[in-house]
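Each chain, letter by letter, is given below.
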Amino acid sequence: MARGGKAFKAVAKGMAVVASAAAVIERRRRAAMAADPHELPTEVPGPVPVPRTDPAPAPAPVVASVAASAGEAVAAGAVAEPSAPVPAATAPTAPAAAPPAPAAHTAHAGLGREYHPGRPATPAEAVPWGLRVAAESTWRLLLLGAALYVIFYVVDMLRLVAFSVLASLLISALLEPSVSWLRRRGVPRSLAAGGVFLSGLAGIGLVGWFVVWQVSTNLPDVTAQVKDGVNQLRDWLITGPLHLTQQQIKDFADQITKAITTNTDQLTSASITGAQIAVEILTSLLMTFFTTFFLLYDGERIWNWALRGLPRHSRFAMAGAGPKAWATLTAYVRGTVCVAFIDAVCIGIGIDLLGVPLAMPLAVIIFLGAFVPLVGALVTGTVAVLIALVTQGPWTALMVLVVLIAVMQVESHILQPLILGRAVRVHPLGVVLGVAAGGIIGGIGGAVVAVPLIAVTNTVVGHLRRRNEAGQAVFTALEAARETAERTAAAQPAAAQPAAAQPAAAQPAAAD
């Protein structure tokens, strides 16, 4: 207990010494602030009164020049020391009183605390500039991300409507040049839109009928070849480097059969889901056809109606961006159709020469897959590789893969830059990332519409940026012209004053 009391007394004495030292430092700091001649006062002192004297009268030109200079100084809002000594006639006889020294404890206006030269006036000024910029940019990015999330959530809820409208826009961009050509030849709008629309439906129907006919015709031969390929694969698993046994293969087949029989409920639910998907696809097709016809028939009025829904100050900008976006979309769709047709023809000829069955249906599948740039034809071409593997063997499958890779190289290095390079100025990395993001968000439909959406957005943003730059240039030119006119107007009265003084001086001579 005695030791604890001594320790407590020692701590108390140390705290007293520290407190007294802090008090001494604070008194010295306040004394230094009071004696500092460079300390800025919180209030600007008023003009120093000068006692009136009766000096000798100065000449009129000197008085006028001093008055003019004083007026200019007052107009400028600043008090400057004269660079040359003031004449004796205008100098005061008594010295000016010195401004009062500022108080040691001045307070910031509105803050109610003492002024300190190393302390910011507001707490916001104490935050580094980079951190403030990062914080403000972060909350803006978070707000933008939340808005995009809400938009994607709404689109996902209305995915049937969204995909129908986007597919209608793509089909309309492909068929609209034909409608415009017929209307320029004097065909009524309803007949032109209806004829082109029915022609497009007939073309799609013929392609679907051809695929079904080819598959149904070659299905027995393909089935037999698949069975032979499965037997060859089983023999290779037994005699090949894996050295599997008949019992292992049989056990693997039994496991697959057992999994199918034990998951009957899941397969039933999957079949129900498949039926729902079929109904959704049929509904989406009908909605797409309906929307496509009206876009072909009355697209201009629909665009004008959409413009009226925008704010008034944004209508002119979007009215100019709309046609450019439509031209970009039309060029993209037509170029993509050309590239897909070339890919399908080249790959179809290659797999037909290699003896792979179902060459024409596979070419149609590759044509549809090529609407996804850079990766679509390669992904759909793997179906041809698998069919070649189970029907012709690994060597033929390897040759089909070589054909696919060669055609993809030609597409990415020749066809895409030559056909789509001028219309769609999107970097290949942006295309790949856009396709991946679209596939994650919307599946196959999202992958198809991702690249045209990026291309149209790029065109609209570029148009608005160029428009803003042109408007800024016009504004700068108008401001320069206004300043020039003001300087000219200010110089004209100064030049007209001597001319006005000459007749005034001639009047006394005339009177004489």
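In this text the structure is predicted, and so the values were computed from the model without any measurement.

Description of the packing of helix α9 (residues 359–369) against helix α10 (residues 376–391)
Here is step 1 of the chain: Direction vectors running N to C along α9 and α10 enclose 160°, while the axes themselves pass 7 Å from each other. With respect to α10, the element α9 is oriented roughly antiparallel. The two elements α9 and α10 cross, and the hand of that crossing is right-handed. Contact residues: α9 offers Leu362, Ile365, Ile366 and Gly369, while α10 offers Gly376, Ala377, Thr380, Gly381, Val383, Ala384 and Ile387.
Here is step 2 of the chain: Considering only residue class, the contact of α9 with α10 consists of 7 nonpolar, 4 polar and no charged.

Describing the packing of helix α8 (residues 312–353) against α9
Here is step 1 of the chain: It is at 8 Å that the axes of α8 and α9 come closest, and there the two elements cross at 155°. Put simply, α8 runs roughly antiparallel to α9. Crossing hand, α8 versus α9: right-handed. Contact residues: α8 offers Val337, Ala340, Phe341, Ala344, Ile347, Gly348, Ile351 and Asp352, while α9 offers Ala359, Leu362, Ala363, Ile366 and Phe367.
Here is step 2 of the chain: The residue inventory of the contact of α8 with α9, partitioned by class, reads 11 nonpolar, 1 polar and 1 charged.

Points about the pattern of salt bridges
Here is step 1 of the chain: A complete count under the given rule lists 5 salt bridges for this structure.
Here is step 2 of the chain: For glutamate 136, the salt bridge goes to arginine 140, with nearest N and O atoms at 3.6 Å. A residue pair is termed a helical-turn pair when its members lie 3 or 4 positions apart in one helix, as glutamate 136 and arginine 140 do in helix α3 (residues 129–157) at 4 residues.
Here is step 3 of the chain: The exposure class of arginine 140 is partly exposed, given its relative accessible area of 45%.

Some remarks on helix α11 (residues 394–420)
In an α-helix, one turn spans 3.6 residues, which is why side chains three or four residues apart end up on the same side.
Here is step 1 of the chain: In the structure, α11 departs most strongly from a straight axis at glutamate 411, where the bend amounts to approximately 40°.
Here is step 2 of the chain: Every buried residue of α11 is accounted for by Thr396, Ala397, Val400, Leu404, Val407, Met408, Glu411, Leu415, Gln416 and Leu420.
Here is step 3 of the chain: Buried-residue contacts for α11 involve α8 and α10.

Points about the environment of aspartate 298
Here is step 1 of the chain: Secondary-structure assignment places aspartate 298 in helix α7 (residues 264–308).
Here is step 2 of the chain: Distance from aspartate 298 to serine 190, taken between C-alpha atoms, is 9.1 Å for residues 108 residues apart in sequence.

Remarks on the nonpolar core
Here is step 1 of the chain: Grouped together as the largest cluster of nonpolar side chains are 19 residues, with contacts concentrated most on Ile347, Ile351, Val356, Leu362 and Val400.
Here is step 2 of the chain: Those elements that place two or more of their residues in this core are α8, α9, α10 and α11.
Here is step 3 of the chain: Setting aside its immediate chain neighbours within four residues, valine 356 contacts Ile351, Leu362, Ala384, Ile387, Ala388, Thr396 and Val400.
Here is step 4 of the chain: Grouped together as the second largest cluster of nonpolar side chains are 11 residues, Ala173, Leu329, Tyr332 and Val333 included.

Parameters and conventions
- Residues numbered from 1 in each chain as written.
- Predicted model: local features only at pLDDT ≥ 70, side-chain atom pairs only at ≥ 80, totals over all residues.
- Heavy atoms only, no water.
- Axes fitted to C-alpha atoms, helices over the stretch in contact; angles between N-to-C directions.
- Helix = DSSP H or I, 4+ residues; strand = E, 2+ residues; numbered from the N terminus.
- Parallel < 35°, antiparallel > 145°, perpendicular 65-115°, else oblique.
- Left-handed = near helix turned anticlockwise from the far one by under 90°.
- Contact = heavy atoms within 4.5 Å.
- Nonpolar A, V, L, I, M, F, W, Y, C, P; charged D, E, K, R; others polar.
- Salt bridge = Lys/Arg side-chain N within 4 Å of Asp/Glu carboxyl O.
- Buried < 20%, exposed > 50% of the residue type's maximum accessible area, 1.4 Å probe, protein only.
- Bend = angle between axes of the 7 residues up to and from the residue.
- Core = buried A, V, L, I, M, F, W, Y, C linked by side-chain atoms within 4.5 Å.

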